[in-house]
Each structure stands twice: as structure tokens, then as C-alpha cells.
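Fold and geometry: a report
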Amino acid sequence: FGQTGPRAQDGGFDVSVQAASGIMSITGEREGPPLKAGVPVSDMATGVYAAYAIAALLRQVAAGGPGGYVDMTMLGASLGFAAFQTSEYFGNRKDPARHGSAHPRNAPYQGFKAADGHFVVAAGNDKLWQSVCAVMKRPDLAADARFATTALRAKNQVELARLLQVEFERRTVMEWATDFRAAGVPCEPVNSISQAMFSEQVSHAGWVQPLELPNGKKTETVAAPIILNGRSLGAGRRPPALGEHNRQVLAELSKK
């Protein structure tokens, strides 16, 4: 919660800060209970903002300015990552609701079930919606006044999703993905973690790298997902054993 303020002495874990920040209140199905995000967003957001703050201060020092003291809080980072929902609240003074995989102001923009699994369609504008209807061979939906604009599709998205679900269950995930991609409509299978890590694009980027553990065992890891000058950064050195670099670190500190 930070180094100062009424909650400075309180501890926090990712799930408790997701709750405190409101992230849990907007995660889950419409009629279901609030859920934590599947990845530790409060933990990870804090690290991202901290790195950004450190880089900014280093730039300031390099330009001849002073350094600074970074107080990076999990609560603040979580609110920063929730910018879409906080701006929605400030716009209408109403708490955002849970929408499952759907979007409050766009449709179809959510997950659906095919004959053999789940996939998502992100038809984020009128042109893409027309393409969805063309792929499905449903000109009647393209001409339906309830779905004529982005705002109307969002307003009527429950009924729209019901109609689309009937169609989508007729074919497989990859059949839909292939045809929608060919039409320029963003469409993706809901991958498992292993499917994502070993997909063609991830392999192309070189993000999965071999790694040696301190005990000598070999494993793999996802390296820094950053591409600089056309190259991925790689995994770098292996993680150290506890205390492995104590002498090196202390020797460097003693020089200062």
C-alpha cells in the first residue's frame, strides 16, 4: 500500500490487492462471483511501473539531474492498469460491471464455443462486423437494425451472442479461425499455456529459451519478451543459488 498513509503498515498479496483495487469486482461472468485475474496482475503491474520509474530516474541522472526515491505501490499500479474501468467510472459515476470475456462497448468481442473447443472473435468496428456476417453467410444479421452500429451491437450484445453461438457450434475452432483470419477478422483459439508457448509466432520470436538451474538441472523459461533492433533479448545468465554472488556484490559495494 506504500510507505506512507493510513495503510502503510498493512501487508498485501496479489489477490488481496486485486480485491482492494476493484479489479476483482470487474472480473468474472455477469451473474457469477467476483474472481481474481488468472495472472498476478497486481504483482506484475508493480514491477512494470517500478522499472519504468527507475529508467526515468536514470535518464534524469544521465542528463545531470538528481536521482530520486521510488515508492511503488501494488495498489497504485493496479489502479493504473485498470485505466479503462476507472475512466468509465469518472465518465458516468457508475461502477463498471463484470462482462466475462465480453466488452462493455463492443460486440462481437468475446469468447464463443465451437464444435470442439473455445475461441474468441474481436470484431471491433462496423467493417469487421460485416466481414463476420459474410464469413457466416448470414446477410440477415448484417442487415438487422439491432446490430447496425458498434453502439447498438454493444447494447444488444446478449441477444447477438446467443444468435452467434448457434452458428459457431456448427464448425470447429480452426475452421472458424482460418476463415475469419482470411477475412481480416481477429480470431484466436483459446490456447493452453503450453500451446501458446510453443506456437509458431512465439517460436519465431525466440522467447522460449533453455535455462540451467543452480542445481545443474536443465529446463526452459520464457525470456524477456522484448525485441530490440530486431532481436529478442534472450534469457541471459542462469538464476544464482542462495548467496552465490555475495562476495562479488559486497566487493563491488566496498569500492563505493
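**Section: the overall build of the protein**
- If you tally the helices and strands in the protein, you get twelve helices and seven strands.
- What you see for the protein is a C-alpha radius of gyration of 24 Å, clearly larger than the 18 Å of a compact globule of 256 residues, by over 25%.
- Overall size of the protein, expressed as C-alpha extent along the three principal axes, is 75 × 45 × 40 Å.
- Residue burial in the protein is summarised as follows: out of 256 residues, 26% are buried.
- Within the protein, contacts between residues at least 6 apart in sequence are counted, and of these 52% link residues at least 24 apart.
- Separation between the mean location of the 27 positive side-chain charges and that of the 23 negative ones in the protein comes to 4 Å.

**Considering the confidence of the model for the protein**
- Looking at the protein as a whole, its pLDDT mean stands at 95, while 100% of the residues score no less than 70.
- Across the protein, the secondary-structure element scoring lowest on mean pLDDT is strand β7 (residues 231-232), at 86, and the one scoring highest is strand β2 (residues 118-122), at 98.

**Re unusual backbone geometry**
- In the segment running from A107 into P108, the intervening peptide bond is cis, with an omega of -5°.
- Residue placement: P108 occurs in the loop between α4 (83-92) and β1 (109-113).
- At R93, a residue that is not glycine, the phi angle is positive and equals roughly 60°.
- Its location among the elements puts R93 in the loop between α4 and β1.

**Looking at the packing of aromatic side chains**
- Overall, the coordinates contain nine aromatic pairs when judged by the stated rule.
- Note on F168 and W176: the rings are 5.1 Å apart at their centroids and 75° apart in plane angle, and the pair reads as edge-to-face.
- Relative accessible area serves as the criterion here: at 0%, F168 is assigned to the buried category.
- Taken together, the aromatic side chains of F112, F119, F168, W176 and F180 make up a single cluster linked through ring pairs.
- The aromatic ring of F1 is capped on one face by R7, whose charged end is 4.0 Å from the ring centroid.
- Above the face of the W176 ring, R171 is positioned so that its terminal group lies 4.8 Å from the ring centre.

**Observations regarding the pairing of strand β4 (residues 208-212)**
- Bridging between β4 and strand β5 (residues 218-222) involves five bridges; their strand directions are antiparallel. Note that in β5 the partner of E212 across the bridge is K218.
- Counting the residues in the hairpin turn of β4 and β5 gives five residues, including G216, whose phi is positive at 90°.

About the cut-offs
Residues numbered from 1 in each chain as written. Predicted model: local features only at pLDDT ≥ 70, side-chain atom pairs only at ≥ 80, totals over all residues. Heavy atoms only, no water. Helix = DSSP H or I, 4+ residues; strand = E, 2+ residues; numbered from the N terminus. Rg over C-alpha atoms; globule rule 2.2 N^0.38 Å. Buried < 20%, exposed > 50% of the residue type's maximum accessible area, 1.4 Å probe, protein only. Contact = heavy atoms within 4.5 Å. Lys, Arg positive; Asp, Glu negative; His and termini not counted. Charge placed at Lys NZ, Arg CZ, Asp CG, Glu CD. pLDDT = per-residue confidence, 0-100. Phe/Tyr/Trp six-rings, centres within 6.5 Å; stacked < 30°, edge-to-face > 60°. Lys NZ or Arg CZ within 6 Å of the ring centre and 35° of its normal. Pairing = 2+ DSSP bridges.

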